[in-house]
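So the chains spell out like this:
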Amino acid sequence: ALTRALARPCERTEQVSCNILGATALGFRHRDDVQEITGLLEQMGIAVNVAAPLNAAPADLARLPAAHFNVLLYPETGEGAARWLEKSHAQP
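Residues numbered from 1 in each chain as written. Predicted model: local features only at pLDDT ≥ 70, side-chain atom pairs only at ≥ 80, totals over all residues. Heavy atoms only, no water.

Asks: Help me understand the pattern of salt bridges, please; the structure alone is not making it clear to me.
Replies: Should the charged atoms of two oppositely charged side chains come close, the side chains can pair. Here the structure, examined in full by the defined rule, presents 3 salt bridges. The salt bridge partner of R29 is D32, with a shortest N-O separation of 3.4 Å. On the basis of relative accessible area, D32 is assigned to the partly exposed category, the value being 34%. In this structure, D60 and R63 form a salt bridge, with 2.9 Å as the shortest nitrogen-oxygen distance. The partly exposed category is assigned to R63, whose relative accessible area is 35%. (Salt bridge = Lys/Arg side-chain N within 4 Å of Asp/Glu carboxyl O. Buried < 20%, exposed > 50% of the residue type's maximum accessible area, 1.4 Å probe, protein only.)

Asks: It is not clear to me how the nonpolar core should be interpreted in this structure. Could you clarify?
Replies: Side chains of nonpolar character tend, in soluble globular proteins, to be buried together. Formed by A7, L21, V50, A52, L61, L64, A82, W84 and L85, the largest nonpolar core amounts to 9 residues. Contributing elements (two or more residues each) for this core: strand 2 (47–52) and helix 4 (75–89). The leading source of residues in this core is helix 4, at 3 residues. Dropping the residues within four chain positions of it, L21 is found in contact with A52, L64, N70, V71, L72, L73, Y74, G78, A81, A82 and L85. (Core = buried A, V, L, I, M, F, W, Y, C linked by side-chain atoms within 4.5 Å. Helix = DSSP H or I, 4+ residues; strand = E, 2+ residues; numbered from the N terminus. Contact = heavy atoms within 4.5 Å.)

Asks: Is there a simple way to think about the sheet that holds strand 2 in this case?
Replies: Strand pairing in a sheet relies on backbone hydrogen bonds. The paired strands run either parallel or antiparallel. Taken together, 3 strands build an open sheet; the order of strands is 2-1-3 and the sheet is parallel. Looking at strand neighbours, the two that pair on one side only are strand 2 and strand 3 (69–72), the edges of this open sheet. Between one strand axis and the next, the sheet turns by 25 degrees as a mean value, whatever way the strands run. Against the sheet, helix 2 (residues 30–43) touches strand 1 (17–21) and strand 2, its axis set at about 165 degrees to strand 1. Contacts from helix 4 reach strand 1 and strand 3 within the one sheet, and its direction differs from that of strand 3 by about 165 degrees. (Pairing = 2+ DSSP bridges. Axes fitted to C-alpha atoms, helices over the stretch in contact; angles between N-to-C directions.)

As structure tokens, then:
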């Protein structure tokens, strides 16, 4: 619901980037998983636009549509946002 309320159409980032969705502060090792995935993506030349909901502020959610695609780590907390971003902002 927060993603739908805050994310607005915007231009994609110049560098290929992605959002990492689903990690929370309550999840076992979620921070470690986000750190590991971020490192792997950076090795491939892909920047992380936003990691949400982990440590994401409303301004971060507003810029979710700027990424080129999404990585869904935890469907139980991020699938709704991922599906909405795919449908509304053409982000696979």
